[in-house]
Amino acid sequence: MSKVLVVTSGKGGVGKTTTSAAISSGLAMAGKKTVVIDFDVGLRNLDLIMGVERRVVYDIVNVIQGEAGLNQALIRHKEVDNLYVLPASQTKDKDALTEEGVGEVLDKLKEEGFDYVVCDSPAGIERGAQLAMYYADEAIVVSNPEISSVRDSDRMLGILASKSRRAKDGETAIREHLLITRYAPARVGTGDMLSVEDMLEILAVPLLGVIPESGAVLQASNAGRPVILDENTDAGQAYADAVARLLGEDRPMRFIETEKKSLLGRLFSRS
Amino acid sequence: MGLLDIFRSRPQGPSAKMAKERLQILIAHERATGQHGAPHYLPAMQQEILEVIRKYVHVEDDAVKFEVEHNEQFELFELNITLPEKGEASRQAD
């Protein structure tokens, strides 16, 4: 049974592509045949984060327009088994993606036996974002503990509930998950950042995970290696937990408490 | 926090509290005004329910109120119909 999972947020720069790369890699590492699709036509970046940018020949628009077969466009990840990347087009206009075209590609991927199709949504609520979430069975809404990101997440939840195929066909609603990224427990402790509890109270969506603000994310982007592969880092471990929860495992939340500083440490710290 | 900060008081309350309060007000408003995306079939359903009611009693458009409320656990669909005063043309369809 193949599942379509959209990673979305409304606001840009909150970590959608980082999350798409990490979650799809995690699912593949768990033995699920997984493809991650970049829906950001004109501004593709998933290929860079996945480290496959030099192997892009064809893209999703080529497939939709019949210029390439699906298997020609799919890029097999070298390090992670069961993982494939379908890049976005860099040059063509945004209207190249159509509802029918995307539906056909997803159907073909299901025929190919993919367990998970992860759709990396572009920012905003325009065509690309709408198409990325249209066929979704599950949605990961990525949100930073920051006021405009939370508001946009709420808007996106409304769109998922009203404009998706499941909503239009009157089927059971998309299963929604909240993933909080760039969380800084120390700043929550000083009262300068929204807490996990605050965000859950406002958005009222089940929590999939909390990814701490971490230098490991930038390092992973620089290297073109999904951060979940760095098993010794906090962000990598937090994503691994999130994937386990997505697959039904019950794991306690980590990296949400600040380490207590001693009195001396507090007196002499400079930050 | 440095040594001196201990003796300084915070200029304002914690800013996260302000953010939370502002968000709660704003999002409640956006949800209530339908920007949160009421089900797409709502207008059609509203029209059909109105037609059914009109088979039996005459009601004005504004006598019927539809509201969708989002709760943490569920969505509540509320339908309020103000029936006309007694004696005022009941069972018009006859």
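Residues numbered from 1 in each chain as written. Chains lettered and ligands numbered in written order. Predicted model: local features only at pLDDT ≥ 70, side-chain atom pairs only at ≥ 80, totals over all residues. Heavy atoms only, no water.

Concerning the nonpolar core
All names here are of chain A.
Okay, step 1: Counting 53 residues, the largest nonpolar core has Ile 37, Leu 86, Leu 97, Leu 109 and Val 117 as its most contacted members.
Okay, step 2: In terms of residue count, the dominant contributor to this core is helix α7 (residues 147–163) (five residues).
Okay, step 3: If sequence neighbours within four positions are ignored, Ile 37 has contacts with Leu 46, Ile 60, Leu 86, Leu 106, Leu 109, Val 117, Val 118, Cys 119 and Asp 120.
Okay, step 4: Within the second largest apolar cluster, 36 residues are counted, among which are Ala 21, Ala 28, Ala 216 and Val 227. (Core = buried A, V, L, I, M, F, W, Y, C linked by side-chain atoms within 4.5 Å. Buried < 20%, exposed > 50% of the residue type's maximum accessible area, 1.4 Å probe, protein only. Helix = DSSP H or I, 4+ residues; strand = E, 2+ residues; numbered from the N terminus. Contact = heavy atoms within 4.5 Å.)

Side note on helix α5 (residues 99–111) of chain A
Residue and element names in this part refer to chain A.
Okay, step 1: Compared with the 18 Å implied by 1.5 Å per residue over 13 residues, the 18 Å span of α5 between its first and last C-alpha is a close match.
Okay, step 2: Buried residues of α5: Gly 101, Val 102, Gly 103, Val 105, Leu 106 and Leu 109, and no others.
Okay, step 3: Backbone geometry just downstream of α5 places Gly 113 in the positive-phi region, at approximately 85°. (Expected span 1.5 Å × (residues − 1).)

Some thoughts on unusual backbone geometry
Okay, step 1: With a phi angle near 50°, Ala 204 of chain A is a residue other than glycine that sits in the positive phi range.
Okay, step 2: Looking at where Ala 204 of chain A falls in the secondary structure, it is placed in the loop between α10 (196–203) and β8 (207–212).

As for the pattern of salt bridges
All names here are of chain A.
Okay, step 1: Evaluated as defined, the whole model comprises 14 salt bridges over all chains.
Okay, step 2: Across the pair Glu 213 and Arg 182 runs a salt bridge whose closest N-O atoms are separated by 3.0 Å. Taken together, the residues span a long stretch of sequence, with Glu 213 in the loop between β8 and α11 (215–223) and Arg 182 in strand β7 (residues 175–183) at a distance of 31 residues.
Okay, step 3: Residue classification places Glu 213 among the partly exposed residues on the basis of a relative accessible area of 41%.
Okay, step 4: Linked by salt bridges that have partners in common, Asp 241, Glu 249, Arg 251 and Arg 254 make up one network. (Salt bridge = Lys/Arg side-chain N within 4 Å of Asp/Glu carboxyl O.)

Structural notes on the sheet that holds strand β2 (residues 34–38) of chain A
All names here are of chain A.
Okay, step 1: Pairing is mixed in the open sheet, where eight strands are placed in the order β3-β4-β2-β5-β1-β6-β7-β8. The open sheet has two free edges, formed respectively by β3 (75–76) and β8, since each of these has just one partner strand.
Okay, step 2: As paired strands, β3 and strand β4 (residues 83–86) are joined by two bridges and run antiparallel to one another. Looking at the pairing, Arg 76 lines up with Tyr 84 of β4. (Pairing = 2+ DSSP bridges.)

As for the confidence of the model for chain B
Residues and elements named next belong to chain B.
Okay, step 1: For chain B, the mean per-residue pLDDT works out to 72, and 63% of the residues sit at or above 70.
Okay, step 2: Looking at the elements of chain B, mean pLDDT is at its lowest for strand β1 (residues 64–70), recorded as 71, and at its highest for helix α1 (residues 15–32), recorded as 87.
Okay, step 3: Confidence drops under pLDDT 50 across residues 90–94; counting only partners more than four residues distant or on other chains, this segment forms five contacts. (pLDDT = per-residue confidence, 0-100.)

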